[in-house]
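Report on the structure
Single-letter residue listing:
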Amino acid sequence: MQNHSKASGKTFLVHNRSGNHLPELEQLSTMKTNEKYTQVPSREKGVDIINIKGIEDIGYVQPGSILLNPLTSEGSTQCRQGLYFRDGERRVDYVLTYHHPARPRAPPRNDPEIAAQEHSMDYHEDDKVFRREEFECNLQEMGLELEKDEDTKIPGVGFVKIHAPWHVLCREAEFMKLKMPTKKVYEVNEGSNLVEKINTFIHKVTEPLHPKVEENRIQNVKHLSYPFSREKQHLFDLSDRDSFFDSKTRSSIVFEILKRTKCTRAKYIMGITSLLASGVYMSAYPLHDGDIEGENTDPNDRKLLREEWASYGVFYKYQPISLIRKYFGEKIGLYFAWLGVYTQMLIPASLVGVIVFLYGCATVDDDIPSMEICDPKNNITMCPMCDRACSYWKLSSACGTARASHLFDNPATVFFSIFMALWAAMFMEHWKRRQMRLNYIWDLTGFEDQEDHPRAEYEFRVMQKTLRKERQTHKIQKPSEVSEESANKWRHTVQTAVAGLKLTEKEKLTCKDRLPAYLTNAIMMLFMIGVTFAIVFGVIIYRISTKAALHMSSNPTTRSNVRLTVKTTAAIINLVVILILDEVYAAIARWLTVLEVPKTDKTFEEKLIFKTFILKFANAFTPIIYIAFFRGRLVGRPGSYLYVFESYRMEECAHGGCLMELCIQLSITMLGKQLIQNNLFEIGIPKLKKLIRYIKSKRGTSQEEEHKKLRRYETDYFLEPFAGLTPEYMEMIIQFGFVTLFVASFPLAPLFALLNNIIEIRLDAKKFVAELRRPIAARAKDIGIWYNILRGIGKVAVIVNAFVIAFTSDFIPRLVYQYMYSSDGSMHGFVNHTLSYFNVSHFRDGTEPVEPFHLGYHVEMCRYKDYREPPWSPTPYEISKEFWAVLAVRLAFVIVFQNVVMLMSDVVDWLIPDIPKDISQQIHKEKILMVELFMKEEQGKMQVLDSMGLRGSKDACNNHSPAPRPRAGPQAHSHDC
């Protein structure tokens, strides 16, 4: 293991194999004098950095080695915390872990097979060691400082601690175009005096709701930010270099270097992602700032987040978004900011939804159709709901279902659908304004996504394609024998050929290369959606068969609750299937995305999001779409029912309509997903994995005692790796679909979403702060593809709610009856108007009820819900003219509702500007101040030139009369400055 270090105040041990120490000592002296980092000679020159901890344990110094600057007690204390190198001064910015054998290699076995297996394992382990050494050597050449620790409390795990010195941070910050605060500050104006007074008043009123963090307070002044430049370091406040680049920025800089640094010892070029995938390193992560529990814990941002954010006791407070961004980065900060805005916007939607529900409760006793259904005097006999096992039944027995349906199917739901469409448009506009404000506060204005490094898998596929072409050109043959000498020759030949080909042309994967993957994607996506349809069909068969079986029960209680039992159990089965398929579809979507071999991480993420969303959306909403738009419409009529497999009769809706069943399915699916998947799985699975990882460490002492001894990088090793924000966004997007798509049938959906999100925010906070390793701080100026998905759902929601109101609810049939067929303009007689007649003698053989006298009298005519001609008509059982009238009004309502609501949404979008006026003014002000700052700098340079007497000669040269410059001769210098 090679290393290099800043000599002033640092401790490290240098061993020269040749026994000559003078060159190293002279180098250390030079480093101390110049206070600059230089590279230690490579392994070929015979220099190693030796494990100091091991030397301290055994109590002696290896002969031929030099121990410099022993550790101080203060540095030792910091070192024990695991946040610093052993010298106690250089901070650990990143950690790599690898498998380190805890026992020496066993002597060769007599059994040839066992010996061959052990030799193969040793060969692979040695190969990993060689790759690590080359990669770490390359990291040192990039300027990073490394320190190994193999004497840890975790058996079999070694750690490589990485520190980025100042000059590396400056270089990479300039490459990454990081905006850093300059010395220039200016006053932030919030607009007119009236607006400023209103904002101040609101802030004072809501003071108890704000977290007690410095970053969340209103700042009257702001530092002018500018992309960092080493040539313009005088513009920045570098009085405290240790805090100029915070821990989040330092770790992101090191991660960029890790991605860019290559390892060529393998058959193909490898970066840190490939090294992790191939097992050369076990994990790579930045460190958390410190502990979050304990009275003696030093103050740190992580502990502050635990107290003011990741606690259920502060559920009523705003989130400390600026502190979240400071600790986790802009991408995660934007997610929690979006989640906070979404949750705040759910408050008015929940209030209106509750009012609509209460309106239904208050008017249920005045609903004439419900009263007619519940009136036993009407004595309406209904046709059997299934063949043979079911008998005739009284319409008054559906009284409870009819009254419950009115709670969700009333005129107020139409208003609520329009309100929610406008709410979705206002939510999107509000978020755009909030996002622009955060971009200004976080100095992201003008930020453009830089082109990502190609993914390791993409480079590997390009390398394979390059080698195939090169073999065809130069006839390179891969050695058949796996010997080290032949393998080295093969690698050298391959690398030489690839390097030569890279100079002539840049290879890339074309559509032709990806055609098999595209075909596989299309086939698998269609197959998975087909599986979803098949499962929904299976649940339909379950409902039909279970209903028939329960009707044959001898228990009267069972027979009276058939509908409720079948609806509830079918909804629970759907929920369980949805939860299982969600996990399966997530894995399949990732596999399909890997097959495509996207070039960059951003492209990979977008393709993965799209596939996952399509599969999970179909999984969650296919059962709901069936109930809303297909159930009860593919039934037929008595005497001519539609059958599945010639034995299962398609199911009908209850007399109150399918809206009640739709509401039950929505509520169970939504609440079940939020309670089980979003909450229990989200916090339970990381804890379970952490426990398994801890058990595998096989420590004999208790967990609590060992936890106190672990250093920071060892403690973070047991935490769950961060898997990205896609699962977090996905669950919220699906919830947004529940809130908007079928809100006409379930006005309480926003309330349940609000209650869930209040818990979700704190649950996610606890997970990020305490259960996950610290994520890489990623910069982002928006939420990316998720915004387009949200807009798409908002547009589709308008159409879906129009069809739900028109075709699923009884709103249009009631409207048509009241204004076209009612004699007095009231709803009296509506129930009788929607029921058709059937002569029981027209039943097909084998389908009539087994107990025709179940009601105590002989039935000649039964009723069923449909618009058809009576049996005494010249065209019996044909569709009546009332059906076509209702259908025409339904289609007209869909067209009018969709266009009016979308027009209103566009008006809202047009009226609300995307950028707040005060932010637009501040951005313009920043540009002016930046120009003034550089003008002053230029004037200062001119004054320096004047004082040195250089500007006059330059001006004299510039003001010289123009003349043609001679090509040659002694006069050539006369006009030359």
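Only a predicted model underlies this, so the values are computations on that prediction, with no experimental measurement involved. (Residues numbered from 1 in each chain as written. Predicted model: local features only at pLDDT ≥ 70, side-chain atom pairs only at ≥ 80, totals over all residues. Heavy atoms only, no water.)

Moving on, we get to the confidence of the model for the protein. Mean pLDDT over the protein works out to 78, with 78% of the residues at or above the 70 mark. Mean pLDDT values over the elements of the protein span from 31, in strand 3 (residues 65–67), up to 93, in helix 12 (residues 330–363). Across residues 1–76, where pLDDT falls below 50, the model places 135 contacts with residues more than four positions away in sequence or in other chains. Note that residues 498–505 has pLDDT below 50 and, in this model, six contacts with residues that lie over four places away or in other chains. (pLDDT = per-residue confidence, 0-100. Helix = DSSP H or I, 4+ residues; strand = E, 2+ residues; numbered from the N terminus. Contact = heavy atoms within 4.5 Å.)

All chains considered together, the criterion is met by 39 salt bridges. In this structure, the salt-bridge partner of Lys432 is Asp914, at a minimum N-O distance of 3.1 Å. Here Asp914 lies in the loop between helix 30 (881–911) and helix 31 (917–948) and Lys432 lies in helix 15 (residues 411–441), a separation of 482 residues in the sequence. Glu714 serves as the salt-bridge partner of Arg711, at 3.2 Å between the closest nitrogen and oxygen. Glu714 gets classed as buried once you look at its relative accessible area, which sits at 0%. Linked by salt bridges that have partners in common, Glu429, Lys432, Arg791, Asp909 and Asp914 make up one network. (Salt bridge = Lys/Arg side-chain N within 4 Å of Asp/Glu carboxyl O. Buried < 20%, exposed > 50% of the residue type's maximum accessible area, 1.4 Å probe, protein only.)

Right, let's talk about the UniProt feature "transmembrane region" (unreviewed entry) in the protein for a bit. The feature "transmembrane region" (unreviewed entry), as annotated in UniProt, sits at residues 332–359, 412–428, 522–544, 564–588, 608–629 and 732–755 in this numbering. Within the segment residues 522–544, helix and strand shares are 100% and 0% respectively, and the terminal C-alpha atoms sit 33 Å apart. A helix fraction of 67% and a strand fraction of 0% characterise residues 732–755, whose end C-alpha atoms lie 13 Å from each other. (UniProt positions renumbered as here; feature names shortened; annotations may be inferred.)

Scanning all chains against the criterion turns up 50 aromatic pairs. Relative to Phe718, the ring of Tyr717 lies with its centre 5.7 Å away and its plane at 75°, an arrangement referred to as edge-to-face. For the pair formed by Tyr717 and Phe718, the shared burial category is buried. The cationic tip of Arg91 hangs over the ring face of Tyr84; the distance from NZ or CZ to the ring centre is 5.7 Å. The ring of Tyr837 has Arg863 sitting right over it, with the charged end atom 3.8 Å from the ring centre. (Phe/Tyr/Trp six-rings, centres within 6.5 Å; stacked < 30°, edge-to-face > 60°. Lys NZ or Arg CZ within 6 Å of the ring centre and 35° of its normal.)

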